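A closer look at the structure
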There are 2 protein chains.
Amino acid sequence: MVTSGAVGVGRQRLKYRKLVNSSFADLQKPQMELDGKACAAVGQSGLMALYDMLFTQLDVSSSQLLVTDSDFENPNFRERLCETVESLLDLKVVPVFNENDAISTRKAPYEDSSGIFWDNDSLAGLLAIELKADLLVLLSDVDGLYSGPPSEPQSKLIHTYIKEKHHNEITFGDKSRVGRGGMTAKVKAAFVASNSGTPVVITSGFASQSIVRVLQGEKIGTLFHKDASSWEPSKDVSAREMAVSARECSRRLQNLSSDERKKILLDVADALEANEDLIRAENEADVVAAQDAGYEKSLVARLTLKPGKIPSLAKSIRTLANMEDPINQILKRTEVAEDLVLEKTSCPLGVLLIVFESRPDALVQIASLAIRSGNGLLLKGGKEAMRSNTILHKVITDALPDNIGKKLIGLVTSRDEIADLLKLDDVIDLVIPRGSNKLVSQIKASTKIPVLGHADGVCHVYVDKSADMDIAKRIVMDAKIDYPAACNAMETLLVHKDLIKSPGLDDILLSLKTEGVAIYGGPIAHELLSIPKADSFHHEYSSLACTVEFVDDVQSAIDHIHLYGSGHTDCIITTDSKVAETFLRQVDSAAVFHNASTRFSDGARFGLGAEVGISTGRIHARGPVGVEGLLTTRWIMRGIGQVVNGDKDVAYTHKNLPLE
Amino acid sequence: MVTSGAVGVGRQRLKYRKLVNSSFADLQKPQMELDGKACAAVGQSGLMALYDMLFTQLDVSSSQLLVTDSDFENPNFRERLCETVESLLDLKVVPVFNENDAISTRKAPYEDSSGIFWDNDSLAGLLAIELKADLLVLLSDVDGLYSGPPSEPQSKLIHTYIKEKHHNEITFGDKSRVGRGGMTAKVKAAFVASNSGTPVVITSGFASQSIVRVLQGEKIGTLFHKDASSWEPSKDVSAREMAVSARECSRRLQNLSSDERKKILLDVADALEANEDLIRAENEADVVAAQDAGYEKSLVARLTLKPGKIPSLAKSIRTLANMEDPINQILKRTEVAEDLVLEKTSCPLGVLLIVFESRPDALVQIASLAIRSGNGLLLKGGKEAMRSNTILHKVITDALPDNIGKKLIGLVTSRDEIADLLKLDDVIDLVIPRGSNKLVSQIKASTKIPVLGHADGVCHVYVDKSADMDIAKRIVMDAKIDYPAACNAMETLLVHKDLIKSPGLDDILLSLKTEGVAIYGGPIAHELLSIPKADSFHHEYSSLACTVEFVDDVQSAIDHIHLYGSGHTDCIITTDSKVAETFLRQVDSAAVFHNASTRFSDGARFGLGAEVGISTGRIHARGPVGVEGLLTTRWIMRGIGQVVNGDKDVAYTHKNLPLE
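The present account deals with the structure reproduced in this document. Remember, predicted model here, so these are calculated numbers, not experimental data.

**Points about the interface of chain B and chain A**
The interface of chain B with chain A comprises 94 residues on the first partner and 94 residues on the second. With both chains or domains summed, chain B and chain A bury close to 7600 Å², and 50% of this area falls on carbon and sulfur atoms. Scanning the region where chain B abuts chain A turns up eight salt bridges. Taking the shortest distance from any N to any O, the salt bridge between E581 of chain A and R638 of chain B comes out at 2.8 Å. It is strand β20 (residues 631-642) of chain B that provides the largest number of residues to the side of chain B that touches chain A, a total of eleven residues.

What follows is the structure, given as structure tokens:
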């Protein structure tokens, strides 16, 4: 252990001593700066006593080793030092190093004085090399090395330092408030030590358990390693760089004609079919590995590209290719003034990040949607599908023309974890998670990038007293049974109180039970129907189970849905059109249905073409989202030299013009 | 100071002792649990030595006071204890209390044993009362008291504990891993001590400087105070509760007919005019206070409601009232199948948070826009406009009918700071900052709620070689001079290299200089024109200054804009329509103009009616945003009992129907 702090501890103590020994008159005089060496002498003993005490709490002995740079000039010294440290470590005694400041003869500027070491960071680096340490951890007051001053929002933590890449891009902030050093000194020491073979991690000394976490291999702080620049160079492109490249490529893509984008999709479809054997071989390798690893059957099923899947994917890409071009559509056209025409046009969002689990077909679908809509794309798949994803990515990007560039679609396979990707809110425009509710809610909780998706699908069917009970039965059964794991399946059945013990309701409940649906009751239904009590009204079973509760009327049903629902899809069964309109108007969910199964809440069934996802967010897109969820708009204005000039020159007409 | 940890320290030490003194055979036998009292005895001395050492580093003496509950049964004891502590404090010695565990006679369950104290938290509470402490700080491993287990995302930190409000809503998580206590014990102790007159703050012992920050009055941790429940009860409604109420009211508001919402706006307009004198009196009080406080003139100007402002605000509210109703518009209508009709309709976003500086008229504008669009609203104004905002808020909410409720619009005046409001991403749908770029970028950096606004407006004008130089001059002058502080003013002038030293360009530069514009050059222009060098191309002067640079052609101009622009508004001046279309198509900014001043980039000039803001975000709304920025959509479907049933029953038609 290399410590600092002796001068600081000593200065504090001496200041106090001086104060108590000063007369009031003394204090009026200009105060001499305290001598640094005196402070070091006083502080070092206090510091060592403190370490001794702290280590003693853990029944560990510590020892003090004070060195100066001139010691290292003696060739025998280095050898003896190693022997001493090894003896101490054998005895489980922690050696605590510090520079022997009190007797050191050198002065500022320290760095040039000897070239051996000049501060605690370089001392640590030197000792790591001398002692052939396995790892050097440098503790800082920030989380590691940033690309700029850590206080500035655009500064990013660098996880692996690569000299060629980072040397020129880093700007350093102020030094530490106490002591010499600062981040510049740490980076220099880390670079020297790592080049001599001791890997170095710079991390925060304030963060909880940071040393333990480094030892456990967690990716915290900044790693320096002599081989870092040769680590999988193609894969070590950072996600940030991939996002920036994807945006550049997407700008070229959107600048093509609609037919050129269509041609690319047709080429992708052809390439998939041409490489079917290769893709299936890689996929089978993933499937075998997943089976061997004992993954769940359902996961293995989702991972498998069944026979016929590749041609069917190719077919749907060709359908997409023939779709009306979603971008460069004029959505609104206004004559602002004579010869000054404003158009609102559709354009790509920019760069999308898709996080998906298992299903390699999701990669193909989303990549073709991105090409159709002119977007750049980062793909982060599950590691269980790595070989499938890699070959699919290669086949698709190989089919992209050179004037666009393969980097339009990046497959993130580097060390970057999802958490790191989610921090890139300045270069990624939208995250689309494709996977479990848990994945979606974790992503929503940990990013500032807008997320298109839904974490919960707590869908309700409300059966009003005026319901046609045959319709009620048909819809309730479909909403629960058709695909219980779907997000648009019914989770809660609300029933008007007048239907308690009615034959119609009894028939519905019996049918549900017959189909194997476990029925839980809210406080009222639990009592009246003698069924088990539901733990919570805000619960998505995603299986053959549902909650039943009675409500006073349509207004109570609406209130219940607002209180416990997830704003996904809710349905009323009634023959009373006034009651229906109250429900349709008031229920504040993405989709609200009258006399139709909640299962219709789906992009394909809505006729949206390709479905990007279902959103329960209220911003940008809501409910089932088609390709328009990948688009934004631009305002284009064409004039003949008009100026604003305090709004005195132009006669505004603001006339709507027909769209061409 | 009340400490714990003696048993833990002692156990660790004894375990080690036992290990070294055990034979291998001993270790095969079942190991006895170490005696707690023995651990306490061993640990206490180590603990005190540690404190002594730590305090000694600061030249502070510490002292040990070990007490048992039975001590407190002796009436003289309490009196003598106070005297001892006072003597110690007079001598600047820190008393360190702990329960005398080693000799204490009691056993678990501790709480019921004496009723005097039963753990370190209750001991701390007891001592605070006995010693009539000014403040008790209880340190925990979490940031304070949460509404639920702190590990769960929906749990919120409670800043001020109010028994009536919080007692039933809090669920406690697990106890601390070491020692008795846990949050339940801390809350109990805090409640008892605060009721006896000592305010208590529960805060994190891990957070940096937490005790100092509490003493400096920072709002960290959870405060317990006997008067908390009577603190400005009307204002102590938390921002969360205000947001929830605003949503409830907004649901009633959107359920009104269009005419009823119109009537409310007309009532608000009337109320403003009827209360003009009162409003102006309060505003004048703010203005006088701001002048007295020495605020900048520009701020005082923005704060002032000039004569005629109230009637003009009322007039614009009446215009808004007569606007076409933005909500419940059918945007798309599809026949999904026979008798199954799907509609996409416009609806309010939900709850908006407006953060605005100075201008009280912004309150009126945004409140009327919220009413028109059926949204709930939280307003957070600057404290310099507090009296103006308060009266305007009162006048507007008094005009709301009872069936909607005044809580539709909440004025946040409680202790809640902007930072706290920005955490409410589960109950607020959109933040609209109205103020400086700094305010906007701070808000964007610190919230997960979508933000509608722009931090930068680095707008470019590119003069192509084919430009009509008269038009170029007119537009460049207007873009820079018309209102230099506006976000749509030109900051960078890009010029085709063929125009270097052309009479047309010289004329433009001279005119700019004549109007007092300071001209800075990029690397090339700096050399060629002998003008000062610009520090950065990404710079918004917001004043009579701009950057000039030469580029090779339209493609270089586009690349420059992508690299350094802010995606706000960019303009090309050219007579070559092919070049113009390249620019219009490729520049990836919210607004892109050909031969028209950047100053046209504005909601009113675009003919959007009321302007909500200008967005450089790509999600939800882009460029000048009208009332549609406050809206989202819902899908409404009406059927006659259709079900999905594996898509076997329904014949999908997906026919577009005319909008009604």
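Having put the structure on the table, let's press on.
**Concerning the pattern of salt bridges**
Considering all chains together, one arrives at 56 salt bridges over all chains under this definition. For E491 of chain A, the salt bridge is made with K480 of chain A, and the minimal N-O distance between the two is 3.4 Å. Here the residue E491 of chain A occupies a position in strand β14 (residues 490-496), and K480 of chain A occupies one in helix α19 (residues 469-481), the gap between them amounting to eleven residues. Here E335 of chain B and K655 of chain B are joined by a salt bridge, their closest N and O atoms 3.8 Å apart. With a gap of 320 residues between them, E335 of chain B in strand β6 (residues 330-337) and K655 of chain B in strand β21 (residues 655-656) connect regions that are remote in the sequence. Note on K655 of chain B: relative accessible area 46%, which makes it partly exposed.

**Digging into helix α4 (residues 75-90) of chain B**
All names here are of chain B. The end-to-end C-alpha separation of α4 is 24 Å, in line with the 22 Å expected for 16 residues at 1.5 Å each. Those residues of α4 that sit buried are F77, L81, C82, V85 and L88. For α4, the angular spread of the buried residues around the axis is 135 degrees, confining them to a single face. Away from its buried face, by an angle of more than 90 degrees, α4 presents the exposed residues P75, E79, E86 and D90.

**So, the nonpolar core**
Of all hydrophobic cores here, the largest spans 100 residues; its most connected members are L272, L377 and L379 of chain A together with L272, L377 and L379 of chain B. Those residues in contact with L272 of chain B that sit more than four places away from it in its chain are I279, I310, I317, V364, L392, V395 and I396 of chain B.

**A closer look at helix α5 (residues 120-130) of chain B**
Residue and element names in this part refer to chain B. Taken across its eleven residues, α5 has nine buried, putting it largely inside the fold. Here α5 has its buried residues at D121, S122, L123, A124, G125, L126, L127, A128 and E130. Where α5 is buried, its residues meet β1 (61-67), α4, β2 (93-99), β3 (136-140) and α7 (183-195). Where α5 begins, the capping side chain belongs to D119, and its oxygen is found 3.2 Å from the backbone nitrogen of D121. Positive phi appears at K132, one or two residues downstream of α5, with a value of about 50 degrees.

**Things to note about unusual backbone geometry**
Backbone geometry places N328 of chain A, a non-glycine residue, at a positive phi of 60 degrees. Structurally, N328 of chain A can be placed in the loop between α14 (309-321) and β7 (330-337).

**Here's the deal with the relation of the copies chain B and chain A**
Of the transformation placing chain B onto chain A, the axial shift is 0.0 Å and the rotation is 180 degrees, giving an RMSD of 0.3 Å. A rotation of that kind, with that shift, is consistent with a two-fold axis. For chain B, the minimum C-alpha distance to the rotation axis belongs to H620 of chain B and amounts to 2.0 Å. When the interface residues of chain B are mapped onto chain A, 100% of them again fall at the interface, so both copies present the same face.

**Describing the sheet that holds strand β8 (residues 351-356) of chain B**
Sheet strands pair by backbone hydrogen bonding; their relative direction is either parallel or antiparallel. Residue and element names in this part refer to chain B. The four strands lie next to each other as β10-β9-β8-β11, forming an open sheet whose pairing is parallel. Each edge of the sheet is formed by a strand with only one pairing partner; in this case those strands are β10 (409-411) and β11 (430-434). Mean inter-strand twist for the sheet, computed between neighbouring axes without regard to direction, equals 20 degrees. The pairing of β8 with strand β9 (residues 376-380) spans five bridges and is parallel. Following the sheet pairing, V355 is matched in β9 by K380. Relative to the sheet, helix α15 (residues 386-398) contacts β8, β9 and β10, its axis offset from that of β10 by approximately 160 degrees.

**What to know about the side chain of H560 of chain B**
Mapped onto the elements of the fold, H560 of chain B is located in helix α21 (residues 554-564). The contact partners of H560 of chain B, leaving out residues within four places of it in the chain, are H460, T492, L494, F537 and G565 of chain B.

**Considerations on the packing of aromatic side chains**
To describe a pair of aromatic rings, one takes the distance between the centres and the angle between the planes. Evaluation of the coordinates by the stated rule reveals 22 aromatic pairs over all chains. Aromatic pair F72 of chain A and F117 of chain A: ring centres 5.8 Å apart, planes at 80 degrees, arrangement edge-to-face. With a gap of 45 residues between them, F72 of chain A in the loop between β1 (61-67) and α4 (75-90) and F117 of chain A in the loop between α5 (111-114) and α6 (120-130) connect regions that are remote in the sequence. Each member of the pair, F72 of chain A together with F117 of chain A, is buried. Both rings, one in Y462 of chain B and one in F583 of chain B, keep their centres 6.3 Å apart while their planes meet at 20 degrees; by these two values the pair is stacked. Of the two residues, Y462 of chain B is situated in strand β12 (residues 459-463) and F583 of chain B in helix α22 (residues 577-586); the sequence distance between them amounts to 121 residues. Both residues of the pair, Y462 of chain B and F583 of chain B, count as buried. Through pairs of rings, three or more aromatic residues link up here, namely F72, F77 and F117 of chain A.

Calculation rules
Every chain is numbered on its own, with residues counted from 1 as its sequence reads. Labels are handed out in written order, letters beginning with A for the chains and numbers beginning with 1 for the ligands. The model is predicted, so local features are restricted to residues of pLDDT at least 70 and side-chain atom pairs to those at 80 or more, both for listing and for counting; the totals for chains, interfaces and linings are taken over all residues. With hydrogens and water set aside, each side-chain value is computed from the structure's full complement of heavy atoms. In what follows, a contact means two residues having at least one pair of non-hydrogen atoms within 4.5 Å. What gets called buried area is simply the loss in accessible area from a 1.4 Å probe that two parts show on being joined, summed for both. For this document, the term salt bridge refers to a Lys or Arg side-chain nitrogen within 4 Å of an Asp or Glu carboxyl oxygen. Starting at the N terminus, helices and strands are each numbered in turn, a helix being any DSSP run of H or I of at least four residues and a strand any DSSP run of E of at least two. Classification of residues uses two cut-offs on accessible area relative to the type maximum, computed with a 1.4 Å probe and protein chains only: under 20% is buried, over 50% is exposed, and between them is partly exposed. By this rule the span expected of a helix is its residue count minus one, scaled by 1.5 Å. What the arc measures is the spread of directions leading from the helix axis to the C-beta atoms. To form a nonpolar core, buried Ala, Val, Leu, Ile, Met, Phe, Trp, Tyr and Cys residues must be joined to one another through side-chain atoms within 4.5 Å. Here a polar contact is recorded for every N or O atom pair within 3.5 Å, except that within protein the pair must consist of a potential hydrogen donor and a potential acceptor, and residues adjacent in sequence are included only if both atoms are side-chain atoms. Superposing the copies works by least squares over the C-alpha atoms of residues that have pLDDT at least 70 in both of them. Strands were regarded as paired on the criterion that DSSP finds at least two bridges between them. To get an axis, fit a line to the C-alpha atoms, keeping to the stretch in contact for a helix; angles then go from 0 to 180 degrees between the N-to-C directions. The criterion for an aromatic pair is that two Phe, Tyr or Trp rings (for Trp, the six-membered ring) have centres within 6.5 Å, with stacked assigned to planes under 30 degrees apart, edge-to-face to planes over 60 apart and tilted to the rest.

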